[in-house]
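A structural walkthrough
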Amino acid sequence: MKLTGAEIFLECLKREGVKTLFALPGGVVLKIFDILHQQKDVNVILTRHEQGAGHMAEGYAKATGKAGVCLVTSGPGMTNVITALADAYMDSVPLVCFSGQVPTSLIGNDAFQEADNIGLSRPCTKYNFLVKDVNDLAVTIKEAFYVATTGRPGPVLVDIPKDVSMNRTDFKYPGSVSIRGYNPTYDGNKWQIKQAAEAIMKARKPILYVGGGVIFSGASEELLELAELTHIPVDMTLMALGAFPGEHPLSMGMLGMHGTYWANMAMHYSDLVIAVGARFDDRVTGKVSEFCPQAKVIHIDIDPTSIRKNVNVDIPIVGDCKSVLRELVQILRATVNGDQKDLRKPWLDQIREWQRAHPLAYEQDPNGDIKPQHLIKRIYELTKDRDPIVATDVGQHQMWSAQYFKLAKPNRWLTSGGLGTMGFGFPAAMGAQAAFPGKLVLCIAGDGSFQMNTQELATAVVSKLPVKVFIVNNRFHGMVRQWQDLFYEGRYAASYLDKTPDFVKLAEAYGAVGLRASKMSEVDDVIREAMAVDKPVLIDVPVYQYENCYPMIPAGGCNHEMILTDPPELKKKQSAGAKVAGEDKDTVLTA
Amino acid sequence: MDHIISVIVENKFGVLSRVAGLFSGRGFNIESLSVAPTLDPSMSMMTIVTTGDDRIIEQIVKQLNKLIDVIKVVDLNESEFVERETALIKVHTKPEDRAEALRIADIFRASVVDSTPTTYTIEITGDTNKIEAIINLLQPLGIKELARTGRVAIAREPVRPAATQPKRVAKD
């Protein structure tokens, strides 16, 4: 029997094991929606904006390790999802996005809701396809999933013109596909791995610098084995949090611009950097010319372009983190003898000293305002037993969450790293919740970030995704204000948000639950209360407005030259400014 | 220094824009680019002339390889290669200059492919130096139009030293 393109689309999704589709309809994808309406295998979550659909698919992918799938219409549907595609591209998230297109006969005619979807998405996808003939549809979808999930993962777009979804053909789903220009390398060069093992044996002050690649390749076990076998401390990038147990004695936490003091010092003074699935981003290297001046660099990555892109590498190994680490552990297990711990002792002692000298710290506010760090720390402490998935938006609250959440397992941390997309957290959390309905999913958002995708509250309520969203509410674009404090003499250009909405009433208006903690003493209670509710909850927590996030390496600064607290002149200014903000807060809360 | 990179790609729509987009998006230069199908019509060969230090060229080669429609990338500067470019030069000629134009064409072994009472169109093939040289000489006469193909190049086949080659012995 011949199937329509829309039916073929559904059959392909089923064969790829897709359980959830994040989607928003429009004229040219109606045929597909009509088919989706008549089946129960794929759960369709209707979002309120295509950007939300994209981020939900990302959250789903990050939490499950499988491809996230979304479906949008042509024209504005496509342009709205671009941010999510760009985000997924930067953070290597496996995503398959289907977009509708005007009928093939109208392509190029400036038809209603037409956009050049292929041209628009080219720089922000790993690959994209325009399906011009229904006979190509099934094999194209197979190829799309194959490209998105293999090698260095990434987003793939499949553009389906209206007539292709309506035309009929025989359905045959290929068992496998191969693309002659696409052959990712999985196994590392054996000789290079041997070299790496030798360098590790010789090193006095080695450091593992691990990135998101460890999570996507599922290499956490191998990483733990390597670290424990060789007693090498582990620095994690923002994307890698959870790849190594956060409370393990060898975990140094996050490195980089707002990383811990000791993680950055260990990096700077090391004699061997073992980079695994990380890409030497400028937020990690700081000033490249002074990055790890004494270190040899081993770089393990599946993407050859990441190697030697930003820093020089002594031992490059192109391959999948999991397979390379496994081989490395095998070689080292044969050579390592018991004295590794003693050998590393001076280096680990040195790091502990750095840790004692400048631990993560904040002062409680004398006026009793809630400090954002206190809130985030308490969220972590009160929820960690439930092994939650944590999403964040972008900004100060994101960095504090990265500092205070010591995640034990991978695929629990959903954050926008490379692109730094405000508005990412809430829909990403919903995507993870859709994948794991029974799990506790938290979102830590800023009041600025949350307002970039507020509309998805409706999706959370209607689709029953009981995420718990904490709004770290300082009525500022906090990170912008911090930079203005430090580098623009405190001129708060367009960073003060003045009147933020009453988030409790907003939640209620959408049919969600709204809660608020206004005093220090209410913080623990509100967290417990939120966790007990089986509905989407929005928790508004007004916090001290002028808190800055430290340590901080100024952009282009050197990794061992961190700012650790507010400069004294700034402190004076803040105590004067805080009064004004205090008055303002009252008007918001009683509104 | 100029680098010549030869790229075998899928011969299908949109591939050129992927390659061009890679160069513009990452701030790499394209000095010239020529594209035509290979013997196998499902593939095309691009010859890209670019500039950059070793690190940039390494990135260009890696980034090109990463493109899914790219099948093979060869940095020709890593070995010996032959390069050629063709130019069509329409020279405006006053009566007293016509003989000079022909003489110049002759010196460069270029040929005249079109002629009117006031113009000659000269076809020249060679390496970049040769083309630049004839342009320099023709410019005083007045070049009306100029069309250049951009460079194409191919690796030289390695030649074994004469001593190791089998000798041909004449038989009677």
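Everything below is about the structure shown above.
Computed from a predicted structure; not experimentally measured.

Digging into the overall build of chain A
What chain A contains, in helices and strands, is 23 helices and 20 strands. The C-alpha radius of gyration computed for chain A amounts to 25 Å, which stays within 12% of the reference 25 Å derived for 591 residues, consistent with globular compactness. Principal axes of the C-alpha set define a box for chain A whose edges measure 70 × 70 × 40 Å. Across the 591 residues of chain A, 60% fall into the buried class. A fraction of 77% describes how many contacts in chain A between residues 6 or more apart in sequence connect residues 24 or more apart. Here chain A carries 62 positive and 66 negative side-chain charges, and the mean point of each set is 3 Å from the other.

What about the packing of aromatic side chains?
Residues and elements named next belong to chain A. Here the structure, examined in full by the defined rule, presents 20 aromatic pairs over all chains. Summarising the aromatic geometry, the rings of Trp347 and Trp354 are spaced 6.1 Å apart at their centres and angled 90° between planes, so their arrangement reads as edge-to-face. Trp347 gets classed as buried once you look at its relative accessible area, which sits at 3%. Classification of Trp354 as buried rests on a relative accessible area of 11%. The interplanar angle of 80° and the centroid separation of 6.3 Å between the aromatic rings of Tyr362 and Tyr404 together place this pair among those described as edge-to-face. Of this pair, Tyr362 sits in the loop between α14 (340-357) and α15 (372-383) while Tyr404 sits in helix α16 (residues 396-404); the two residues are 42 residues apart in sequence, bridging distant segments of the chain. For Tyr362, a relative accessible area of 21% corresponds to the partly exposed category.

Remarks on the sheet that holds strand β7 (residues 155-161) of chain A
All names here are of chain A. Spatially, β3-β2-β4-β5-β7-β6 is the arrangement adopted by the 6 strands of the open sheet, whose pairing is parallel. Sheet topology places β3 (43-46) and β6 (127-130) at the edges, where each strand pairs with a single neighbour. When strand polarity is set aside, the average angle formed by the axes of neighbouring strands in this sheet is 20°. As defined by bridge partners, β6 adjoins β7 across 4 bridges and the pair is classed as parallel. Within β7, the residue paired with Leu130 across the bridge is Asp159.

With respect to the nonpolar core
Residue and element names in this part refer to chain A. By size, the foremost hydrophobic cluster in this structure holds 71 residues, and its most contacted members are Leu208, Val210, Val276, Ile298, Leu328 and Phe405. Ranked by residues supplied to this core, first place goes to helix α13 (residues 321-335) with 6 residues. Sequence-distant contacts of Phe405, that is, excluding residues within four places in its chain, are made with Ile376, Ile379, Tyr380, Thr383, Val390, Leu442 and Ile444. Counting 48 residues, the second-largest nonpolar core is a separate cluster that includes Val72, Cys124, Leu465 and Phe503.

So, the state of the cysteines
A full pass over the atoms with the stated rule returns 0 disulfides over all chains. With no disulfide partner, Cys124 of chain A has as its closest neighbouring cysteine sulfur the one in Cys97 of chain A, 9.7 Å distant.

A short note on the pattern of salt bridges
Residues and elements named next belong to chain A. One pass over the structure, following the stated rule, counts 42 salt bridges over all chains. Across the pair Asp303 and Arg152 runs a salt bridge, and its minimum N-O distance is 2.7 Å. With a gap of 151 residues between them, Asp303 in the loop between β13 (296-301) and β14 (315-318) and Arg152 in the loop between α6 (137-149) and β7 connect regions that are remote in the sequence. We classify Asp303 as buried; its relative accessible area is 2%. The residue Asp282 makes a salt bridge to Arg283 at a minimum N-O spacing of 3.3 Å. Taken together, the shared-partner salt bridges in this structure form one network comprising Glu11, Lys14, Arg15 and Asp41.

Quick notes on helix α17 (residues 425-435) of chain A
Burial analysis of α17 of chain A places 10 of its 11 residues in the buried class, which makes it a mostly covered element. Among the residues of α17 of chain A, those classed as buried are Gly425, Phe426, Pro427, Ala428, Ala429, Met430, Gly431, Ala432, Gln433 and Ala434 of chain A.

What to know about the packing of α15 of chain A against α16 of chain A
Residue and element names in this part refer to chain A. Two elements in contact, α15 and α16, have axes separated by 9 Å at closest approach and are oriented at 45°. As far as their axial angle goes, α16 and α15 are oblique. In terms of crossing hand, the pair formed by α15 and α16 is right-handed. For the pair α15 and α16, contact is made by Pro372, Gln373, Ile376, Lys377 and Tyr380 and by His397, Trp400, Ser401 and Tyr404, respectively. Of the residues in the contact of α15 with α16, the class split is 5 nonpolar, 3 polar and 1 charged.

How each quantity is defined
- Residues numbered from 1 in each chain as written.
- Chains lettered and ligands numbered in written order.
- Predicted model: local features only at pLDDT ≥ 70, side-chain atom pairs only at ≥ 80, totals over all residues.
- Heavy atoms only, no water.
- Helix = DSSP H or I, 4+ residues; strand = E, 2+ residues; numbered from the N terminus.
- Rg over C-alpha atoms; globule rule 2.2 N^0.38 Å.
- Buried < 20%, exposed > 50% of the residue type's maximum accessible area, 1.4 Å probe, protein only.
- Contact = heavy atoms within 4.5 Å.
- Lys, Arg positive; Asp, Glu negative; His and termini not counted.
- Charge placed at Lys NZ, Arg CZ, Asp CG, Glu CD.
- Phe/Tyr/Trp six-rings, centres within 6.5 Å; stacked < 30°, edge-to-face > 60°.
- Pairing = 2+ DSSP bridges.
- Axes fitted to C-alpha atoms, helices over the stretch in contact; angles between N-to-C directions.
- Core = buried A, V, L, I, M, F, W, Y, C linked by side-chain atoms within 4.5 Å.
- Disulfide = S-S within 2.5 Å.
- Salt bridge = Lys/Arg side-chain N within 4 Å of Asp/Glu carboxyl O.
- Parallel < 35°, antiparallel > 145°, perpendicular 65-115°, else oblique.
- Left-handed = near helix turned anticlockwise from the far one by under 90°.
- Nonpolar A, V, L, I, M, F, W, Y, C, P; charged D, E, K, R; others polar.

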